[in-house]
Amino acid sequence: MEDISKTFSSKRWWRLRTTDNLWSNFMNSKYCQRSHPVVKTWDKSQYSAWCDLKKIRKDVEPHILWKINEASIDFWWDNWIGSGPIANVTHLNNKPRAMKVKVCLLERQWNTHMIANLVNANIFRDIANTRIGDRNSKDQPIWKATTSGIFTCSSAFDMLRQRRRKCHCRAQPKDESIEHVFISREIATQCLTTGGAIKEKRDYKEETTIILPNLICWELWKARCSYVYGNRRTNRSRICQQVLYLLKNDLKRLDERVDISWTWEKLWKEMEIITPVLSCRPVIWDKPPDNWLKINSDGSSNILKRRAGIGGIVRNRNGQLIVTYVQNVQFCTNNSVEVHAASCGMKLCKDLNFGNIILEMDSLIVVNMIKGKYKVPWELMDKMETLKDMLQQLQAQVVHCYREGNAVADALSKIGAESQHENAMLYGTMKDLPREVRGLFRMDIIQLPTFRIRQKKAMTNSLCFII
């Protein structure tokens with residue numbers, strides 16, 4: 001109940017800080033006439049509701065980010081550079097008590113001379129990299145706890161809840177976490193090891209290797225809940241039997257020869273004759289029309305190595321190389337490096353005064369974000385708006401392609417991920433290209449297809465028995 005109460009208090013603080021209504025105007029006028037809500041103190045004579053807001057402020061305020069449009073937010077105390085209020089990291093004694101961001105703008109550009117006299121070099125760099133939006137729109141509050149940037153009580157609850165519950169392991173109980181419940185605790189390790197041993201012993205198909213870990217995790221979760229809410233323990237043998245039962249039922253819907261009474265050994269033996277139905281289609285890199293250039297861009301993000309890179313190539317109607325780029329970038333999400341790769345390619349074409357551009361990417365999600373079909377996560381808003389501005393300036397088209405048709409850019413991005421150079425590397429001729437890229441480049445020139453082999457959609461969750 002305490003966590004639920006804090007959740008609704010966080011919602012009130014969000015509304016106080018971001019909405020313009022009768023209640024928020026009343027609270028700001030009554031308690032924050034002379035100071036910002038972020039630094040306003042509380043005394044015993046004030047309303048208890050304000051005391052509750054003050055208590056939750058330190059937990060909620062760091063998750064509120066402001067996107068500048070009309071620039072009416074507070075320069076010092078609102079978090080609009082992403083690292084927190086500027087007043088907390090600036091030690092100048094001449095900070096104005098109330099100062100809007102718009103004061104630091106000169107014709108919708110940053111007044112660098114004025115800002116340099118107010119903040120240190122690190123903050124100055126963050127401000128210079130902050131994008132200024134539409135002056136006719138209100139400043140946009142972003143809730144950092146969700147990808148959409150919209151406040152939800154569920155995200156606030158997950159952020160605020162106190163995870164005091166211990167697991168039900170017999171030896172050395174630990175705090176519950178997703179990793180502990182499904183991976184590291186003893187019973188999870190035993191069940192997953194059993195599944196892994198079976199996988200190594202039998203060469204069965206990919207569909208079941210995907211299904212089996214999901215069934216194991218589901219049964220582990222049921223075992224956890226049966227103990228937490230029913231105080232009933234479950235052993236490894238029962239979990240494995242339940243997994244086997246669910247797996248056999250799933251297969252029986254596909255083929256009546258599957259017998260519910262089969263043991264693990266009998267089931268794996270029968271599965272040796274199982275094969276999925278595959279489809280194969282040739283994929284060729286499409287050359288651009290006459291008087292057009294095509295950019296193929298791609299991003300590579302290696303989770304295990306925590307490295308990321310971008311790469312791209314610009315070619316003409318005949319497939320001849322104009323320029324390629326490779327760069328190592330800071331590790332981030334796949335969508336972020338895809339946007340970064342596309343932006344780098346567009347900026348390169350803009351600097352070289354190229355026109356009639358076609359931007360081709362193998363990320364359908366990012367392509368749909370650019371076209372407005374998908375909502376852009378708040379972390380990508382600034383990068384996406386910058387990319388859209390360049391696309392509009394160059395009147396470029398954005399198209400999607402299969403990964404097999406984007407092989408050159410894919411290889412370049414992987415080289416960028418392994419590169420030790422922070423600056424972009426440019427290649428202007430085929431001889432300058434890395435050796436592993438030249439063959440792929442030649443294949444595109446002579447229009448040699450790459451085969452895209454996929455399981456048919458109708459068979460995604462099904463298996464076909466061969467008699």
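Keep in mind the model is a prediction, meaning the values are calculated, not measured.

Let's shift gears to the overall build of the protein. Assigned secondary structure in the protein consists of 16 helices and 14 strands. Across the 467 residues that make up the protein, the buried fraction comes to 43%. Within the protein, residue pairs in contact and separated by at least 24 positions form 67% of the contacts whose partners lie at least 6 positions apart. Carbon and sulfur atoms provide 51% of the accessible area of the protein, an area that totals close to 26,800 Å².

What follows concerns empty space enclosed by the protein. As enumerated under the stated definition, the model contains two cavities of 30 Å³ or more in all. Residue lining of the second largest cavity: Val-283, Ile-284, Trp-285, Glu-404, Gly-405, Ala-407, Leu-440, Met-443, Asp-444, Leu-448 and Thr-450, and that is the complete set. Examining the composition of the lining of the second largest cavity, we find that three residues originate from one element, helix 16 (residues 435-445), more than from any other.

Moving on: the nonpolar core. Judged by nonpolar contacts, the single largest core of 38 residues is most densely connected at Phe-75, Trp-80, Ile-86, Trp-110 and Ile-127. Elements represented by at least two residues in this core include exactly helix 1 (2-18), helix 2 (22-31), helix 3 (48-60), strand 1 (64-67), helix 5 (121-128) and helix 6 (153-160). If you tally residues by element for this core, the top one is helix 3, at four residues. Dropping the residues within four chain positions of it, Trp-80 is found in contact with Leu-65, Trp-66, Ile-68, Ile-73, Asp-74, Phe-75, Ile-86, Val-101, Trp-110, Ile-127 and Thr-130.

Pairing in this open sheet of six strands is mixed, and the strands run 11-10-7-8-9-12 from one edge to the other. The open sheet is flanked by strand 11 (397-400) and strand 12 (425-427), the only strands paired with a single partner. With strand direction ignored, the average angle separating the axes of adjacent strands in the sheet is 20°. Sheet analysis places strand 9 (residues 321-329) next to strand 12, joined by three bridges and oriented antiparallel.

A few words on a nonpolar patch on the surface. Where nonpolar side chains cluster on the molecular surface, the patch consists of Met-1, Ile-4 and Phe-8 and spans about 360 Å² of accessible area. One can find Phe-8 in helix 1.

This paragraph deals with the pairing of strand 7 (residues 293-302). Every regular strand shows the same layout, with side chains that alternate between the two sheet faces. Taking burial as the measure, the ten residues of strand 7 include nine buried ones, the bulk of the element. Direction of pairing for strand 7 relative to strand 10 (residues 357-361): parallel, over a ladder of four bridges. Bridge pairing in strand 10 links Ile-295 to Leu-359. Alignment of strand 7 against strand 8 (residues 307-315), held across nine bridges, turns out to be antiparallel. By the bridge assignment for strand 8, Gly-299 is matched with Ile-310. Hairpin connection between strand 7 and strand 8: a loop of four residues separates the two successive antiparallel strands, and Arg-306 in this loop has a positive phi of roughly 55°.

A word on the packing of aromatic side chains. Per the counting criterion, the structure on display carries seven aromatic pairs. Ring geometry for Trp-14 versus Phe-151: centroids 5.6 Å apart, planes at 20°, classification stacked. Of this pair, Trp-14 sits in helix 1 while Phe-151 sits in the loop between strand 4 (140-143) and helix 6; the two residues are 137 residues apart in sequence, bridging distant segments of the chain. Ring geometry for Phe-75 and Trp-80: centres 5.5 Å apart, planes at 50°, overall tilted. Per residue, the accessibility class of Phe-75 equals that of Trp-80, and both read buried. The residue whose ring lies beneath Arg-315 is Trp-285, and the NZ or CZ to ring-centre distance is 3.9 Å.

Here we take up the layout of surface pockets. Over the atoms rolls a probe the size of a water molecule, and its path tells where empty space is left. Quantified by volume, the largest pocket comes out at close to 1,400 Å³. As for the largest pocket, its lining consists of 38 residues, of which Asn-129, Glu-379, Asp-382, Lys-383 and Thr-386 are closest to the centre. Every element with two or more residues in the lining of the largest pocket is listed here: strand 1, strand 3 (109-110), helix 5, helix 12 (334-351) and helix 14 (381-393). A per-element tally of the lining of the largest pocket places helix 12 first, with six residues. In terms of residue class, the lining of the largest pocket is built from 18 nonpolar, eleven polar and nine charged. Approximately 910 Å³ is the volume attributed to the second largest pocket. Around the second largest pocket, the lining comprises 29 residues; the ones closest to its centre are Arg-17, Asn-28, Ser-72, Asp-78 and Lys-100. Taken together, the elements giving at least two residues each to the lining of the second largest pocket come down to helix 1 and helix 2.

Attention shifts here to unusual backbone geometry. A positive phi angle, close to 60°, is found at Arg-108, a residue other than glycine. As for its placement among the helices and strands, Arg-108 is situated in the loop between strand 2 (105-106) and strand 3. In the Ramachandran plot, Asn-353 falls in the positive-phi region, its phi being about 60° despite a non-glycine side chain. Relative to the helices and strands, Asn-353 is located in the loop between helix 12 and strand 10. We classify Asn-353 as exposed; its relative accessible area is 69%.

In this model, helix 14 (13 residues) spans 18 Å end to end at C-alpha, consistent with the 18 Å of a helix rising 1.5 Å per residue. Turning to helix 14, its buried residues number three or more, namely Met-381, Met-384, Leu-387, Met-390 and Leu-391. Directly beyond the C-terminal end of helix 14, a positive phi value near 50° is found at Gln-395.

Tallying each qualifying case throughout the model produces 14 salt bridges. Glu-418 is the salt-bridge partner of Lys-305, the closest N and O atoms lying 3.4 Å from each other. Of this pair, Lys-305 sits in the loop between strand 7 and strand 8 while Glu-418 is found in helix 15 (residues 407-418), placing the two residues 113 residues apart along the sequence. Overall, Glu-418 belongs to the partly exposed group, its relative accessible area being 41%. Via salt bridges that share partners, Lys-67, Arg-131, Glu-385 and Asp-389 belong to a single interconnected network.

Criteria and cut-off values
Residues numbered from 1 in each chain as written. Predicted model: local features only at pLDDT ≥ 70, side-chain atom pairs only at ≥ 80, totals over all residues. Heavy atoms only, no water. Helix = DSSP H or I, 4+ residues; strand = E, 2+ residues; numbered from the N terminus. Buried < 20%, exposed > 50% of the residue type's maximum accessible area, 1.4 Å probe, protein only. Contact = heavy atoms within 4.5 Å. Areas by Shrake-Rupley, 256 points an atom, 1.4 Å probe, with all protein chains shown as cover. 1 Å grid on protein atoms, 1.4 Å probe; cavity = no way out; pocket = protein on both sides within 12 Å on 5 of 7 lines; lining within 4 Å. Points joined across faces, edges and corners; volume = space filled by probe spheres on them. Core = buried A, V, L, I, M, F, W, Y, C linked by side-chain atoms within 4.5 Å. Pairing = 2+ DSSP bridges. Axes fitted to C-alpha atoms, helices over the stretch in contact; angles between N-to-C directions. Patch = residues over 30% accessible without salt bridge, like charges linked within 9 Å, V, L, I, M, F, W, Y side chains within 5 Å. Salt bridge = Lys/Arg side-chain N within 4 Å of Asp/Glu carboxyl O. Phe/Tyr/Trp six-rings, centres within 6.5 Å; stacked < 30°, edge-to-face > 60°. Lys NZ or Arg CZ within 6 Å of the ring centre and 35° of its normal. Nonpolar A, V, L, I, M, F, W, Y, C, P; charged D, E, K, R; others polar. Expected span 1.5 Å × (residues − 1).

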